[in-house]
Structures are given as C-alpha cells and as structure tokens.
Amino acid sequence: MSKYSTIWKDGFTGLAFALIISASLWGLFEKKVLEWLFVHTSFYMLLTMVSVWSFLLIKYFKATGFSPKSFVVCNWRYFVSAALLTAIIFATTPVGFKTLNDEPVLLSVSQSLLYFRTPHEINEWLNFWGSYSPLSTNIPIRPLLFPFLLQLFHHIAGYHLYHAYILNMVLLFVFFSGVGVCFNKVSDRFTSYAAMLLCAAHPVIAIYGTGGGYDMMAAVFLFLTLVLLFGFIHDTKNERFALLWITLILLANIRHESCAYSLVIGLFSLTRLNKDGLKRHAWLLLSTGPLMMPYIWQRLLVTGRYENPAGTALFSFDMFCRNGHELLSNFLNIDFFLPYCGVLNGAAVVIGCVVMFNLMAGRLRVQPKIKIFCRILLACLVVNLVIILSHHAGRYSHATQARFFIIFSLATALTPIIYKLAYPQKLSSRALLCFSIIIMILYHPISMQNSFISSLMENRSYQACREFLKRNKYDHPLVITKWPVQITSMGYSAIGFDYANRHKEKILSDLRNRFFDGIIKFQQKTVEKNIPLKGQVLYWGREFEQIDKKAIYYNKVYLEISIIVDN
C-alpha cells in the first residue's frame, strides 16, 4: 500500500470519527438527536462492521496462504463429527423459544432491520397481506449484531422465525468443528473428539443452542477471538492483529458483557504492537469509535429500562454473594435436573487445584507465551463470573438465566483436555474419549426432557399459544395477548390488552370490514375465581367464544383461548 493511500485512508477514517463523535456529543444534550442517529445509522454501521470483518478475513487467508481444499481434506473428520453431533442435538432436544421474551424480541429487531432498515423492537403490529404497520416500538435493550446477522438469513429465504434456530445450528456446527480442529493442532485425534463431546455434554449447550437466542453466538465469537489471540501471541503479524481487532468489535456487539472481554483482550493486544504497527493500523483503530457508536448510543438511550425489580440494583455485592451461594449449592447437580454436567464441574475443581499446586511447586513447566495466553483466558473467565453473579438476574438454577453460564460451563468441560495437554503421559487419549462418551450418555437426556425450560409458567403459556396457532391455520387473525411480541415474531398481527381497550371501536370495525378474519384472545385466568390475571382484563362488553383451555400452573392458573369471528 502506498504512502499516499495510507494517508487518505487514515484521514477519511479520522474525519468520519470526528463527525460521529461531534454528533454524539450533540446527542447527549438532545435525546431526539441521539435517537435519530441510532435509528437511522445503526444498520449501515453494522453492515460496514461485517463487511470490514469479511474483507480482513479474506486478506488474512491470502497472507497466510490458506487453501480451503487442503483445510477440508486435513480436517474432514472433525467437520463430519461436528455435523453428526449437531444433528443429534437438534434431533433429540426440543427446538423452540427458551427464554421468555428475549428470543421474540431479537426476532422482532431482525424484522425491523429487514423491512425498515431500523433497529426497533416491534412490540405490536398489524400485518395486512404482507404490509406491516408497527403500532408500538422501543429502542431495543440488547446489542444488535445477532438480529443483524439473522436478517441476512431472512434475505436468503424470506422472513421466518425458524431462521433463528438455523443460525444457532450453524453456530453449533462451527463451534464443534473449531474445537476439533484447534485441539488436533496441539494434541491427537482422539483428544479432539473427546473435547467436542465434553463441550456437548453440558445440557446447557444443547438447550440454548437449539433456541433462538444470541447466547451461542457470544460463546462462538469468544472462542474465535481466543483462537486468534493465541495465534497473535505466537506471531504478531499485521494481518493477525487486524482480524483480531475487528473480531473484538463484533464480539462487543453480541451480548452486554461481551464488551468486557473485548476490552481485556483489546488492551493486551495493543501492548504487543510496536510504533510501526500502530501507524499501520491507525485507520482500523480510529474506526473503532464509529463502529462502536450504535452500542454506545443504545446504552445511553435505554438507561433505566433494564428489567431489574424496583428497589433492586442492576449489579450489587449482595447479588454476587446470593448468586455465588446458589452456584456453589447446585454445582454438582446431584439430582440431574439443572442443565449442567456435575461430574465435569467436580473434575474442573480437582484438576484446577492439581494444576495450580504443581505450578506453584515448580513441577509443571509452561512456555512463556502459553502462560500469557492462560492469564488472559483466566482474566476473561473471572470477568465473566463477576459480571454474571453480580447481576440481579445471575441465578445458576433459573430457567431463563442458566444461559449466562454457557461460557463458564464450556470452561469446566474442557478442563480434562487441559489436564491431558499438561500431563500427556498420565492420561490415555482413548480413555479420555471413552470418558467423554459416558458423560454425554449420562447428561444429554437432561436436555431431551425440556423439563427445566418448562418449569416457568410463562414458557408453558406461550408454547401453548404458538402450538395453537400452528394447529389452526388462520389467514389474517388479530391476536390479543399479554406479550404480543411473542406473536408478532411469528408474522401475525398482535396487540396487548391496553391497546385493545383503548382502540376497541376501531378494532371491531376492522373486523366487520374483514381486515381480520377473526380476533383470538390468549388470556391467563385464575382457577379459583376464574378472573384474568393483572393487566389482562378486556373491557369490551362482548363475549368471546371459548374454544380451548390449558392448565399452565397446576390448580392455580390456566390459559383461556377464545375467539370472535364476524359472520
């Protein structure tokens, strides 16, 4: 690259950085400006981010002489094994929404990105012959990379909620393949197979990997980042740093806590660059600001909208102690109910103590560069646990919060592999593979039962709603429900009870004019008094025809499904 092209690239990036920072500072004083920036530029920032990552990935492959054909020939066993393992998980684990509103909200944001190029959370909307009219929208709380990549799947085959499951299927395959390929580089084939099986043995991977959430993507990108970091520590080539840096930016835009890993790894990687390296990558470092702006704008716009109960801090030391105690109390999962492999958790503690003792005693020698990598890895794990356990929703045994412990579970799953790498003569590869198969057989049935996810009433309720809509094919129904985003994600028109009460006459008029072919009401009621739960009362004065009832909380609450059809 010529000197002048470098100057032009750095200058253009610096100018873009200055303009976006100036606009952001203006937005701090005018919230409407900040909201306009977020709504109208985030899609293009994300598109730029993914495009730059793709460009740098191709550039890295060219610089390293990567041959796709040779790579596939050398590693086909792991691709086949990963495909088989992914197929087994999806064939045996119930596929569906697992975390209340998280997955439907991510889908609704992907709908907004697809149809309107805006990152809105669409809570209520009307769908008339494929013409979508949002009725109520919010700035989403969750980062945007997952719904952005999801809408790319919609571009290929049209919008469908199943694309969220397909995306996670691809991520699972990539993760298992990556584990197999990477461990084959530092060990043997049987150890690589064992590593893949041990990662799959934690039911939390199968349960949330077959859902529609972004948790698996966060784990996969962290794994990719660590692989790139390992290579960068051993060889600080310019292409390695560039790809690592842009991957850190992507990682920061997946989950809330992902930016903490990016910060830890990013600060370390900067210390490995010399003065010439900093100059060469000035454009990329300067572009970090503009590319991270949607994340920063989003955090500023949603301040105070997090889901912590009134009087409860978002993060606190008290929560860290409470959640830490719950983790330790359920660490071994003796009753085989929680989605964790208790044997691997116990083995992780024992192996960790043995390795630490031998390191302190000088009995285990580790290469300096491996030591550096292990320290950063340990720092990321500590940051992960501190953030999650300090969070008000960081409970190890809760059906919607167990997914936060995916990275922690993967770390405990791989400790037998670490022991094998540290003491190759003390543990046979074949014995390790047999152990991993036994562990998989022992713990995978936990994910097959779905009893953990179904332990929450709302999960049971909305599963019943979705199953009803699948069984009964309606062309253009309007659904009234407590959480309409659960239904809009399926493509149906849906509103909440508050909107229905405020616009009763218009809705009934639209029904008479055949705008809808029926109005379906999903309403939770108490068994004892047969009255709707709070926030689910409909003041219409017109009788719905009850067509189904589902018990969703034994002897306490049932779901009433009723309908109005204008003849």
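Remember, it's a predicted structure, so these values are computed and weren't measured experimentally. (Residues numbered from 1 in each chain as written. Predicted model: local features only at pLDDT ≥ 70, side-chain atom pairs only at ≥ 80, totals over all residues. Heavy atoms only, no water.)

Description of the packing of helix H6 (residues 162–186) against helix H7 (residues 189–201)
Definition in use: Here an angle of 0 to 180 degrees is reported between the N-to-C directions of two axes, which are lines fitted to C-alpha atoms, with helices fitted over the stretch in contact. Labels follow the DSSP assignment, with helices taken as runs of H or I lasting at least four residues and strands as runs of E lasting at least two, numbered in each case from the N terminus. For any helix crossing, the convention is left-handed if the near helix is rotated counterclockwise from the far helix by under a right angle, and right-handed if that rotation is clockwise. What makes two residues a contact is simply this: any of their non-hydrogen atoms within 4.5 Å. Classification used: nonpolar for Ala, Val, Leu, Ile, Met, Phe, Trp, Tyr, Cys and Pro, charged for Asp, Glu, Lys and Arg, polar for all others including Gly.
Two numbers describe how H6 lies on H7: the axes approach to 8 Å, and their chain directions differ by 145°. Viewed along their axes, H6 and H7 form a crossing whose handedness is right-handed. Residues Phe175, Phe176, Val179, Gly180, Phe183 and Asn184 of H6 lie in contact with H7, whose contacting residues are Arg189, Ser192, Ala195, Met196, Cys199 and Ala200. Here the contact of H6 with H7 is built from residues that sort into 8 nonpolar, 3 polar and 1 charged.

With respect to a nonpolar patch on the surface
Applicable threshold: Like-charged residues are merged into a patch within 9 Å and nonpolar side chains (Val, Leu, Ile, Met, Phe, Trp, Tyr) within 5 Å, provided each residue has over 30% relative accessible area and no salt bridge. A 1.4 Å probe and the Shrake-Rupley method give the accessible areas. Residues count as covered only by the protein chains that appear here. By definition here, a salt bridge exists when the distance from a side-chain nitrogen of Lys or Arg to a carboxyl oxygen of Asp or Glu is within 4 Å.
A grouping of Phe66, Phe71, Val72, Trp76 and Val80 is seen on the molecular surface, where their side chains present a nonpolar patch of about 430 Å² in accessible area. For Val80, the position within the fold is in helix H3 (residues 68–92).

Description of the nonpolar core
The following threshold applies: As used in this record, nonpolar core signifies buried Ala, Val, Leu, Ile, Met, Phe, Trp, Tyr and Cys residues forming a set joined through side-chain atoms within 4.5 Å. Each residue is assigned to one of three classes by its accessible area relative to the maximum for its type, calculated with a 1.4 Å probe on protein chains only: buried under 20%, partly exposed between the two thresholds, exposed over 50%.
Of all hydrophobic cores here, the largest spans 152 residues; its most connected members are Phe175, Phe176, Leu229, Phe405, Leu469 and Phe522. With 14 residues, the top contributor of residues to this core is helix H2 (residues 31–64). Once you skip the residues sitting within four places of it in the chain, Phe175 turns out to touch Cys199, Met216, Val220, Phe223 and Leu410. By size, the runner-up hydrophobic cluster in this structure holds 16 residues, among which are Ala500, Ile519, Trp540 and Phe544.

As for the packing of aromatic side chains
Using the following cut-off: A pair of aromatic rings is counted whenever rings of Phe, Tyr or Trp (Trp by its six-membered ring) have centres within 6.5 Å, and the orientation is called stacked for planes under 30 degrees apart, edge-to-face for over 60 and tilted otherwise. Only when the NZ of Lys or the CZ of Arg is both within 6 Å of the ring centre and within 35 degrees of the ring normal is a charge said to sit over the ring.
If you walk through the whole model with that rule in mind, you get 31 aromatic pairs. Ring centres of Trp125 and Tyr132 lie 4.4 Å apart, and the angle between their planes is 20°; on these two criteria the pair is classed as stacked. What makes Tyr132 partly exposed here is its relative accessible area of 21%. Grouped by ring-pair contacts, the aromatic residues Tyr60, Phe61, Phe66, Phe71, Phe79 and Phe173 constitute a single cluster. Between the NZ or CZ atom of Arg189 and the centre of the ring of Phe190, over which it lies, the distance is 5.3 Å. Arg299 extends its terminal NZ or CZ atom over the ring of Tyr295, reaching a point 5.0 Å from the ring centre.

Considerations on the side chain of Gln523
To keep things clear, this is the line we draw: Under the rule applied, a polar contact is a pair of N or O atoms within 3.5 Å (in protein, one hydrogen donor and one hydrogen acceptor; residues adjacent in sequence only if both atoms are side-chain atoms).
Tracing the sequence through the fold places Gln523 in strand S5 (residues 518–526). Take Gln523: its relative accessible area is 3%, and that puts it in the buried class. Here Gln536 takes part through its backbone oxygen, which lies 2.5 Å from a polar atom of the side chain of Gln523. With residues up to four places along the chain from it excluded, the contact list for Gln523 reads Phe497, Pro532, Gln536, Val537, Leu538, Tyr558, Leu559 and Glu560.

Note that every value here comes from positions in space, so none of it alone points to a role or purpose.
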